[in-house]
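# Chains, contacts and geometry: an overview
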Amino acid sequence: AQRVTQPEKLLSVFKGAPVELKCNYSYSGSPELFWYVQYSRQRLQLLLRHISRESIKGFTADLNKGETSFHLKKPFAQEEDSAMYYCALSGPGGYQKVTFGTGTKLQVIP
Amino acid sequence: KAGVTQTPRYLIKTRGQQVTLSCSPISGHRSVSWYQQTPGQGLQFLFEYFSETQRNKGNFPGRFSGRQFSNSRSEMNVSTLELGDSALYLCASSLGQGRHNEQFFGPGTRLTVL
């Protein structure tokens, strides 16, 4: 069974400090991984996906198959980064069956 | 393009009743997924439809059902409501059926079961 674990419910960091939101997954196959974000009073939206290998709003995430992790990182936190972050895994096969982690609330302290 | 829309936005029902929620995907999107979001369980996958066919189903009882119409609009039905069905129900659409596709979420329908 596929599973996504986000061990931290809340992560508080000071503005300008580095951020690392942890995500570990369990999946027997080649995973498709995503980070979704939900800002206050806004809809859940895609932040970045593993397949694109992109940096969005300064965030990056590297897939580590050995550690089965897909941690989200940003070198310098900004106040506007405060939001709820969800790690998600899609699979199996050619269709979407997305499993979300329970989410981590990032609080950036001014 | 207009985003994903869900109606109604809020619902209050009593135990034993049934409810139907509606989702209109982004124009051109053919895949629609439904999720249940609760404080305790987070986001849980209910089912996914593509071209009017249910492709995937989560671990929910048969009281939860859905369908998709030819215009890609989707409905979700919950029969014999239980208190534990109180949740935010999210609909998401995507352009294709592949698992790498980005999902676009609606605002959700807040269901309260009394």
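As a starting point, this report considers the structure included with it. (Residues numbered from 1 in each chain as written. Chains lettered and ligands numbered in written order. Predicted model: local features only at pLDDT ≥ 70, side-chain atom pairs only at ≥ 80, totals over all residues. Heavy atoms only, no water.)

## Section: the overall build of chain A
Heads up, the rule is: Only DSSP runs of H or I covering at least 4 residues are called helices, and only runs of E covering at least 2 are called strands; the numbering of each starts at the N terminus. The quantity called the radius of gyration is restricted to C-alpha atoms. Its globule counterpart is 2.2 Å times the number of residues to the power 0.38. Think of it in three bands: with a 1.4 Å probe and only protein chains considered, a residue is buried below 20% of the maximum accessible area for its type, exposed above 50%, and partly exposed in between. By definition, residues are in contact when any of their heavy atoms lie within 4.5 Å. Using the Shrake-Rupley algorithm and a 1.4 Å probe, accessible areas are obtained, with residue cover drawn only from the displayed protein chains. His is not counted, nor are the chain ends, whereas Lys and Arg count as positive and Asp and Glu as negative. Here the site of a charge means atom NZ of a Lys, CZ of an Arg, CG of an Asp or CD of a Glu.
The secondary structure content of chain A amounts to zero helices and 11 strands. Listing every helix and strand of chain A by position from the N terminus yields β-β-β-β-β-β-β-β-β-β-β. A compact globule built from 110 residues should have a C-alpha radius of gyration of about 13 Å, and chain A, at 13 Å, falls within 12% of that. Seen through its principal axes, chain A has C-alpha atoms that stretch 45 × 30 × 25 Å. Residue burial in chain A is summarised as follows: out of 110 residues, 45% are buried. The long-range fraction of contacts in chain A, counting pairs at least 24 apart against all pairs at least 6 apart in sequence, stands at 58%. About 5600 Å² of surface is accessible on chain A, with carbon and sulfur atoms providing 50% of the total. Taken as two groups, the 14 positive and 9 negative side-chain charges of chain A have centres that lie 7 Å from each other.

## Side note on the interface of chain B and chain A
Applied cut-off: When two parts are brought into contact, each loses some accessible area as probed by a 1.4 Å sphere; the total of that loss over both is the buried area. Basic side-chain nitrogens of Lys or Arg form a salt bridge, by our definition, when they fall within 4 Å of a carboxyl oxygen of Asp or Glu. Pairing of N or O atoms within 3.5 Å defines a polar contact, subject to two protein rules: one partner must be a possible hydrogen donor and the other a possible acceptor, and residues neighboring in sequence count only if both atoms are side-chain atoms.
Taken together, the contacts link 24 residues of chain B with 24 residues of chain A. Taken together, the two surfaces of chain B and chain A that pack against each other cover about 2100 Å², and 49% of this comes from carbon and sulfur. Taken together, the connections running from chain B to chain A amount to zero salt bridges. One can count four residue pairs in polar contact (both at pLDDT 80 or more) joining chain B with chain A. Breaking the side of chain B that touches chain A down by element, the ones donating at least two residues are strand E4 (31-38), strand E5 (42-50) and strand E6 (53-57) of chain B.

## Digging into the side chain of Gln36 of chain B
Residues and elements named next belong to chain B. Following the sequence through the fold, Gln36 ends up in strand E4. Within the structure, Gln36 has its side chain in polar contact with the side chain of Tyr89 (distance 3.0 Å). Ignoring sequence-local partners within four residues, the contact set of Gln36 consists of Gly42, Leu43, Gln44, Leu46, Phe60, Phe64, Gly84, Asp85, Ala87, Leu88 and Tyr89.

## Some thoughts on unusual backbone geometry
All names here are of chain B. The omega torsion across Thr7 and Pro8 is -10°, close enough to zero to call that bond cis. Structurally, the position occupied by Pro8 is in the loop between strand E1 (5-7) and strand E2 (10-13). Even without being a glycine, Ser72 presents a positive backbone phi close to 75°. Among the residues examined, Ser72 registers a relative accessible area of 12% and is labelled buried.

## Notes on the environment of Gly101 of chain A
All names here are of chain A. Relative to the assigned elements, Gly101 resides in the loop between strand E10 (98-100) and strand E11 (104-109). Taking the C-alpha atoms as reference, Gly101 lies 5.8 Å from Tyr86; in sequence the two are 15 residues apart. Excluding residues that lie within four positions of it along the chain, Gly101 makes contacts with Val4, Gln6, Tyr86 and Cys87.

## Overview of the sheet that holds strand E3 (residues 19-21) of chain A
Within a sheet, each strand pairs with its neighbour through backbone hydrogen bonds, oriented either parallel or antiparallel. Residues and elements named next belong to chain A. Put simply, the rule is: At least two DSSP bridges between two strands are needed for those strands to be called paired.
In spatial order, the strands read E3-E8-E7; together these three strands make up an open sheet with antiparallel pairing. Both outer strands of the open sheet, E3 and strand E7 (60-61), are each paired with one neighbouring strand and no more. Judged from the three bridges that link them, E3 and strand E8 (residues 72-74) form a sheet pairing that is antiparallel. Residue pairing in the sheet places Leu21 in a bridge with Leu72 of E8.

## Quick look at the nonpolar core
The condition that has to hold: Joining through side-chain atoms within 4.5 Å is the link that ties buried Ala, Val, Leu, Ile, Met, Phe, Trp, Tyr and Cys residues into a set, and such a set is a nonpolar core.
Counting residues in hydrophobic clusters, the biggest one holds 25 residues, and the most contacted among them are Trp35, Leu47, Leu48, Phe70, Leu72 and Tyr85 of chain A. Listing elements by their share of this core, those giving two or more residues are strand E2 (10-14), E3, strand E5 (32-38), strand E6 (45-49), strand E9 (83-90) and E11 of chain A. Of all the elements, E9 of chain A adds the most residues to this core, at four residues. In this structure Leu72 of chain A touches Val19, Glu20, Leu21, Trp35, Leu47, Leu48, Phe59, Thr60, Ala61 and Tyr85 of chain A, once residues within four positions along its chain are discounted. Grouped together as the second largest cluster of nonpolar side chains are 21 residues, Cys23, Phe47, Met76 and Val78 of chain B included.

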